[in-house]
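Residues per chain, in single letters:
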Amino acid sequence: MTQTLTSDQTLTGSPLVKRGLADMLKGGVIMDVVNAEQARIAEDAGAVAVMALERVPADIRAQGGVARMSDPDLIDGIVNAVSVPVMAKARIGHFVEAQVLQALKVDYIDESEVLSPADYVNHIDKQKFTVPFVCGATNLGEALRRIAEGAAMIRSKGEAGTGDVSEATKHIRTIRGEVAQIRAAYQSDPDSLYVKAKELAAPYDIVLEVARTGKLPVVLFTAGGVATPADAAMMMQLGADGVFVGSGIFKSGNPAERAAAIVKATAFYDDPEAVADASRGLGEAMVGINVGDLPAPHRLSERGW
Amino acid sequence: MTGGRPEAHDVAVPRPEAPVIGVLALQGGVAEHARLLESLGAEARLVRRPGDLTGLDGLVLPGGESSTIDRLTRLFGLREPLIEAVAGGLPVLGTCAGLILLAAEIDDPAPGQQSLGLLDVAVSRNAFGSQAASAEVTLPWDGVGGESVRAAFIRAPIVTRTGPGVEVLARHEGRVVAVRSGTVLGISFHPELTGDATVHGELLGMVR
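Residues numbered from 1 in each chain as written. Chains lettered and ligands numbered in written order. Predicted model: local features only at pLDDT ≥ 70, side-chain atom pairs only at ≥ 80, totals over all residues. Heavy atoms only, no water.

Labelled according to an unreviewed UniProt entry, chain B appears under the name Pyridoxal 5'-phosphate synthase subunit PdxT, originating from Rothia santali. In its Pathway (unreviewed entry) section, the UniProt record describing chain B reads: "Cofactor biosynthesis; pyridoxal 5'-phosphate biosynthesis." You can read under Subunit (unreviewed entry) in the UniProt record for chain B the words "In the presence of PdxS, forms a dodecamer of heterodimers. Only shows activity in the heterodimer." (UniProt positions renumbered as here; feature names shortened; annotations may be inferred.)

As annotated in an unreviewed UniProt entry, chain A carries the name Pyridoxal 5'-phosphate synthase subunit PdxS and is attributed to Rothia santali. Taken from UniProt, the Pathway (unreviewed entry) comment for chain A reads in full: "Cofactor biosynthesis; pyridoxal 5'-phosphate biosynthesis." UniProt lists a comment for chain A under the heading Subunit (unreviewed entry), and it reads "Homohexamer and homododecamer. In the presence of PdxT, forms a dodecamer of heterodimers."

This is the structure in structure tokens:
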């Protein structure tokens, strides 16, 4: 259903084409933007893609209420302002918001816990779409369930809108650690993989692929709380393929310089002197909230399952 | 999922010493190129600093976001060394963003975006439209490596003008998507994603 074969045998919407765009984003920074002007600042700073949304997570958190897909006019304005890929968010399970975003010709849909879930049981059947999806995950089982549903890219969730990187650290370490565990389990006792698949609550075939290759079958970015060049470089050293920065840029004192500095630190993540240079004179980082101070119902990373 | 044809591997003639092919590794689809080059018997070296260019037999400029790679190339001090190396005869393959980087002109650059000017063509970015138009297709290939190539176009550019001495190796929907001038090879698509070795075989064929 996803894949369309036209008369001249051109195949659109295939897993290869969907995952391929994520491959081209590796080593890069994807930035949340709320208008065309911010999108241009992000592109000028070297963003590999922008995420078009109405409010950054910090504002969603501060203002409360139900957070939904953005107005199509806002998304069009951003699509027309930049030449880099544009992503946009749909609510978890809201397949009609996803249909709308596909009709708007965004390049990637984020089925995101940052918005209010529309379905507390089902995620979107992402296999049905030509446009690729990125989904959040806090652990390997969650990541593999999203991939089974058709996600072509995974981002570890972190805790969006806080500027506190500790949850991002926890989630990327958890996913990478669990991948290493099932690889080791497969090497020492291949039979144990069936039980591992049951424990992970994920399809055996995908678990087997991860165990054999030692990595997810799709690109793994990290998100949620990255606010400084050093945060971004740390995520890369922990094994992320790239980073999403949400509120961290446009809620800081000097967005253009901070955006460029985070791009630089992501690319030079293994060079402490370059990260030091990138960290100089950026002014105030976003103020932030400690995740420990957030009462459990306000933790976005617990949305999605 | 892969369209690589077994006979394409014959292109890489076994060598007493494996050629060392650099892959510009600032951003984008780097690992896929390295894997394909190694499957053809070459040694892949990631190029992140000017010193990494020393002793290379060939170079790949991978896909990614062309405006980002351009910016990082300048930040890493790689712009001039890359121009010097390729102008000095180092065989090079640019795919997608790599083609844009090689081009003499970009019809629709992002603000401030530069190219290296190593291939006398003009290119237009995202010429097929948004990701919805990204596609896999098998194209006739007019090179020495084979007769067709399994290509993945991902928000791909096209060549809109070719200068003297630039030969066209492939077209898609009537548009030029692969060109060669001397030892500079530029293609719009991603054989490293489909696993088809034809184009990389062509690069290795240009290596002395």
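After that view, the rundown keeps rolling.
With that out of the way, let us pick up the UniProt feature "binding site: D-ribose 5-phosphate" (unreviewed entry) in chain A. Residues and elements named next belong to chain A. Following the UniProt record, one finds the feature "binding site: D-ribose 5-phosphate" (unreviewed entry) at Asp-32, Gly-161, Gly-225, Gly-246 and Ser-247. Separation in sequence by 216 residues is not matched in space for these annotated residues, since their most distant C-alpha atoms are only 12.3 Å apart. Looking at the secondary structure, you find Gly-246 in the loop between β10 (243-245) and α11 (247-250). Of the residues examined, Gly-246 reaches a relative accessible area of 17% and is grouped as buried. Within the secondary structure, Ser-247 sits in helix α11. (Helix = DSSP H or I, 4+ residues; strand = E, 2+ residues; numbered from the N terminus. Buried < 20%, exposed > 50% of the residue type's maximum accessible area, 1.4 Å probe, protein only.)

Bringing a negative patch on the surface into the picture now. Residues and elements named next belong to chain A. Judged by side-chain charge, Glu-54, Asp-71, Asp-73 and Asp-76 come together as a negatively charged surface patch. Within the fold, Asp-71 resides in the loop between α3 (57-63) and α4 (72-81). Note on Asp-71: relative accessible area 37%, which makes it partly exposed. (Patch = residues over 30% accessible without salt bridge, like charges linked within 9 Å, V, L, I, M, F, W, Y side chains within 5 Å. Areas by Shrake-Rupley, 256 points an atom, 1.4 Å probe, with all protein chains shown as cover. Salt bridge = Lys/Arg side-chain N within 4 Å of Asp/Glu carboxyl O. Lys, Arg positive; Asp, Glu negative; His and termini not counted. Charge placed at Lys NZ, Arg CZ, Asp CG, Glu CD.)

Within the structure shown, the criterion is met by seven aromatic pairs over all chains. Note that Lys264(A) overlies the ring of Phe268(A), its terminal NZ or CZ placed 5.9 Å from the centroid. Stacked on the ring of Phe128(B), the Lys or Arg Arg175(B) has its end atom at 4.7 Å from the ring centre. (Phe/Tyr/Trp six-rings, centres within 6.5 Å; stacked < 30°, edge-to-face > 60°. Lys NZ or Arg CZ within 6 Å of the ring centre and 35° of its normal.)

Glancing now at the UniProt feature "binding site: D-glyceraldehyde 3-phosphate" (unreviewed entry) in chain A. This chain's UniProt record puts "binding site: D-glyceraldehyde 3-phosphate" (unreviewed entry) on Arg173(A). Looking at the secondary structure, you find Arg173(A) in helix α7 (residues 166-188).

Here we come to the interface of chain A and chain B. Between chain A and chain B, the residue contacts involve 40 residues of the former and 40 residues of the latter. With both sides pooled, the region where chain A packs onto chain B buries about 3,000 Å², and carbon together with sulfur makes up 57% of that total. Counting the surface chain A buries against chain B, the share from its top three residues, Leu16(A), Met24(A) and Phe268(A), is 23%. For the pair chain A and chain B, the number of links is four salt bridges. Here chain A and chain B share 20 residue pairs in polar contact (both at pLDDT 80 or more) between them. For the side of chain A that touches chain B, the secondary-structure elements that each account for two or more residues are β2 (11-12), α1 (15-25), α2 (36-45) and α12 (255-267) of chain A. With eight residues, α1(A) is the single largest residue contributor to the side of chain A that touches chain B. Here the residues of the side of chain A that touches chain B are counted per class, giving 17 nonpolar, 11 polar and 12 charged. Of the pairings in the sheet, the one linking β2(A) to strand β7 (residues 135-140) of chain B comprises two bridges and is antiparallel in character. Bridge pairing in β7(B) places Leu11(A) opposite Glu136(B). (Contact = heavy atoms within 4.5 Å. Buried area = accessible area lost by both parts, 1.4 Å probe. Polar contact = N/O pair within 3.5 Å; in protein donor to acceptor, adjacent residues only side chain to side chain. Nonpolar A, V, L, I, M, F, W, Y, C, P; charged D, E, K, R; others polar. Pairing = 2+ DSSP bridges.)

Let's shift gears to the UniProt feature "active site" (unreviewed entry) in chain B. UniProt feature "active site" (unreviewed entry): in the numbering of this structure it lies at Cys96(B), His190(B) and Glu192(B). Spanning 97 residues, the named residues nonetheless gather at one spot, since no C-alpha pair among them exceeds 11.1 Å. Relative to the helices and strands, Cys96(B) is located in the loop between β4 (92-95) and α4 (97-102). The buried category is assigned to Cys96(B), whose relative accessible area is 5%. Along the chain, His190(B) turns up in the loop between β12 (184-187) and α5 (191-194). We classify His190(B) as buried; its relative accessible area is 0%. If we skip the residues at most four places from it in the chain, His190(B) touches Met24(A), Gly63(B), Thr95(B), Cys96(B), Ala152(B) and Ile154(B). Among the polar contacts listed, one links the side chain of His190(B) to the side chain of Glu192(B), at a separation of 2.8 Å.

Here we come to the pairing of strand β6 (residues 119-124) of chain B. All names here are of chain B. With respect to burial, β6 is a largely interior element, five of its six residues being buried. Of the pairings in the sheet, the one linking strand β5 (residues 103-106) to β6 comprises three bridges and is parallel in character. Note on β6: the bridge partner recorded for Glu-105 is Ala-122. Examined bridge by bridge, β6 and strand β9 (residues 158-162) share four bridges and lie antiparallel to one another. For Val-123, the partnering residue across the bridge sits in β9 and is Val-159.

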